[in-house]
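Reading the structure
Spelled out, the chains give:
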Amino acid sequence: KGNVEQVGTPGEVYNHPASPFVYGFLGNVNLFHGRVHEGVLDAGGVTFDAPDHAQAQDTKGIGYVRPHDLEVDRYVAGAGAGTEGIVVQLKRAHAIGPLAQLELERDDNAEIIEAVISNERFAQLKLKNGEALVVHRNPCMCLSMIIQSECNCSANYAVDIQVTVLCHRRLY
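Below is a summary of the structure that appears in this document.

Conventions adopted
Residues numbered from 1 in each chain as written. Predicted model: local features only at pLDDT ≥ 70, side-chain atom pairs only at ≥ 80, totals over all residues. Heavy atoms only, no water. Helix = DSSP H or I, 4+ residues; strand = E, 2+ residues; numbered from the N terminus. Buried < 20%, exposed > 50% of the residue type's maximum accessible area, 1.4 Å probe, protein only. Salt bridge = Lys/Arg side-chain N within 4 Å of Asp/Glu carboxyl O. Contact = heavy atoms within 4.5 Å. Pairing = 2+ DSSP bridges. Axes fitted to C-alpha atoms, helices over the stretch in contact; angles between N-to-C directions. Phe/Tyr/Trp six-rings, centres within 6.5 Å; stacked < 30°, edge-to-face > 60°.

**Description of unusual backbone geometry**
With a phi close to 50°, glutamate 38 is a non-glycine residue in the positive phi region. Among the structural elements, glutamate 38 can be located in the loop between strand 1 (30-37) and strand 2 (40-42). A residue is classified by how much of its surface remains accessible, and glutamate 38, at 49% relative accessible area, is partly exposed. One non-glycine residue, lysine 126, lies in positive phi territory at about 50°. On the secondary structure map, lysine 126 appears in the loop between helix 3 (119-125) and strand 9 (132-137). Look at lysine 126 and you get exposed, because its relative accessible area is 59%.

Right, dumping it as structure tokens:
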């Protein structure tokens, strides 16, 4: 017997998934594991705002981010302030038509991140396999995050809370 996970128009369901299952069911998704503290998820090199969780104190969290909601740039060692992101190696690129699909491997934990950029941007960057890059979150992306926290009550169990942070998308 199946369960109805979410009801809505295709656009509503895709852009505002009600659960991790719906998020993954309707397309590729990257998972960013980290810690939520006072409304911010720190996922090792990249942060995501989670204003509905301003009271969270060092709690486990997972950010769900679609490949087209990430930006990719060349990595410049020692670039300093303003270069927040996750250092990755380009493992594979598939650039046919208007989009380039990138398979990236994190330097810190070897997890795979998928990114999709325009073929124009791919050509501009002149990317090559094995090259060091940095992945940033698109500042105007929609982020769904599952916050996992432990309850301070007598029953010792975990609670899952869904929060969706909405934004306005830039049109290019």
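Having put the structure on the table, let's press on.
**Focus on the pattern of salt bridges**
When their charged atoms lie close together, side chains carrying opposite charge are able to pair. Here the structure, examined in full by the defined rule, presents five salt bridges. Residues aspartate 58 and arginine 35 are paired through a salt bridge, measuring 3.0 Å at the closest nitrogen-oxygen approach. Placement of aspartate 58 in the loop between strand 3 (47-49) and strand 4 (59-65) and of arginine 35 in strand 1 is noted, with a sequence separation of 23 residues between them. On the basis of relative accessibility, which here comes to 36%, the residue arginine 35 falls in the partly exposed class. Where arginine 121 meets aspartate 73, a salt bridge forms, and the shortest distance between an N and an O atom there is 2.3 Å. Of this pair, arginine 121 sits in helix 3 while aspartate 73 sits in strand 5 (residues 70-74); the two residues are 48 residues apart in sequence, bridging distant segments of the chain. Since its relative accessible area comes to 25%, aspartate 73 is described here as partly exposed.

**A few points about the side chain of glutamate 131**
In this structure, glutamate 131 sits in the loop between helix 3 and strand 9. Ignoring anything within four residues of it in the chain, the contact list for glutamate 131 reads Arg74, Val88, Gln89, Leu90 and Lys126.

**Considering the sheet that holds strand 9**
Sheet strands pair by backbone hydrogen bonding; their relative direction is either parallel or antiparallel. Within the open sheet, the five strands sit side by side as 5-9-6-7-8. Their pairing is antiparallel. Only two strands of the sheet have a single partner each, and these edge strands are strand 5 and strand 8 (112-118). Taken over all neighbouring pairs, the strand axes of this sheet differ in orientation by 45° on average, direction set aside. Inspection of the sheet shows strand 5 paired to strand 9 by five bridges, in the antiparallel sense. Paired with leucine 70 across the strands is arginine 137, a residue of strand 9.

**Topic: the packing of aromatic side chains**
Counted by the stated rule, this structure contains two aromatic pairs. Geometrically, the ring pair formed by phenylalanine 21 and phenylalanine 25 is stacked, given 5.5 Å between the ring centres and 20° between the ring planes. Residue phenylalanine 21 and its partner phenylalanine 25 are both found in helix 2 (residues 20-25); the two are separated by four residues, about one turn of the helix. Here phenylalanine 21 and phenylalanine 25 have matching classes, each one exposed. Between tyrosine 23 and tyrosine 64, the ring centres sit 5.7 Å apart and the planes meet at 45°, which makes this aromatic pair tilted. Taken together, the residues span a long stretch of sequence, with tyrosine 23 in helix 2 and tyrosine 64 in strand 4 at a distance of 41 residues.

**Considering the environment of alanine 77**
If you trace the backbone, alanine 77 turns up in the loop between strand 5 and strand 6 (86-96). Accessibility expressed as a relative area gives 62% for alanine 77, which makes it exposed. Sequence separation between alanine 77 and valine 87 is ten residues, and the spatial gap between their C-alpha atoms is 9.7 Å.

Taken by themselves, the reported measurements are silent on function.
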